[in-house]
Amino acid sequence: MMIEHVHNHITSELQQNTRTDIIFILTSIFLNLITLAVNSGMSKESRTDSSTLIVMFVFVVLIILVNLVVVIGLMKGKETRAKLLKGLISMYKDQNVDKYYDSSLLENYNLRYNLFILVVFFTGVIAMIVPFILR
């Protein structure tokens, strides 16, 4: 019975980890796209109005800070998922059911996290650079 309780707890933690990662990713992408639109809209006016240019730089700082928090959160999520899955695999080995879980999935999860981090990074870079190119 205790094994079942631990299994449920680990799978619950994995689900919470997934929800948190989704929130991080969507928040970052949404902020990046909104900031891209706002700064692009202000780019022409910023040629003559220095306060508009300052606001654009404030948004750039916001993008950097939020994306940094998101990337750190995703890296911690990646570590947490790996630890939880390794625990599950150990439990499965102890119960002689490990043949039903392909441990190579850990590599797939790592790749997926790296891709999410790249998406966050590149949308942030685009959101910062494009308005200043339009300027």
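So, here's what we can say about the structure. (Residues numbered from 1 in each chain as written. Predicted model: local features only at pLDDT ≥ 70, side-chain atom pairs only at ≥ 80, totals over all residues. Heavy atoms only, no water.)

Some details on the side chain of Ser-46
Point 1. Locating Ser-46 in the fold gives a position in the loop between helix H1 (2-43) and helix H2 (50-94).
Point 2. Here Arg-135 takes part through its side chain, which lies 2.9 Å from a polar atom of the side chain of Ser-46.
Point 3. Ignoring sequence-local partners within four residues, the contact set of Ser-46 consists of Thr-52, Leu-53, Met-56 and Arg-135. (Helix = DSSP H or I, 4+ residues; strand = E, 2+ residues; numbered from the N terminus. Polar contact = N/O pair within 3.5 Å; in protein donor to acceptor, adjacent residues only side chain to side chain. Contact = heavy atoms within 4.5 Å.)

Considering the packing of aromatic side chains
Point 1. Tallied over the entire structure, the rule returns 3 aromatic pairs.
Point 2. Between Phe-57 and Phe-132 the ring centres are 4.9 Å apart and the planes differ by 35°, which places this aromatic pair in the tilted class. One end of the pair, Phe-57, is in helix H2; the other, Phe-132, is in helix H3 (residues 105-134), and 75 residues separate them in sequence.
Point 3. What makes Phe-132 partly exposed here is its relative accessible area of 26%.
Point 4. On the numbers, 6.0 Å between centres and 55° between planes, the contact of Tyr-92 with Tyr-101 is tilted.
Point 5. Lying over the aromatic face of Tyr-109, Arg-81 brings its terminal NZ or CZ to 4.9 Å of the ring centre. (Phe/Tyr/Trp six-rings, centres within 6.5 Å; stacked < 30°, edge-to-face > 60°. Buried < 20%, exposed > 50% of the residue type's maximum accessible area, 1.4 Å probe, protein only. Lys NZ or Arg CZ within 6 Å of the ring centre and 35° of its normal.)

Here's the deal with the pattern of salt bridges
Point 1. Overall, the coordinates contain 1 salt bridge when judged by the stated rule.
Point 2. The shortest N-O distance in the salt bridge between Lys-76 and Glu-79 comes to 3.7 Å. Taken together, the residues span about one helical turn, with Lys-76 and Glu-79 both in helix H2 at a distance of 3 residues.
Point 3. The partly exposed category is assigned to Lys-76, whose relative accessible area is 48%. (Salt bridge = Lys/Arg side-chain N within 4 Å of Asp/Glu carboxyl O.)

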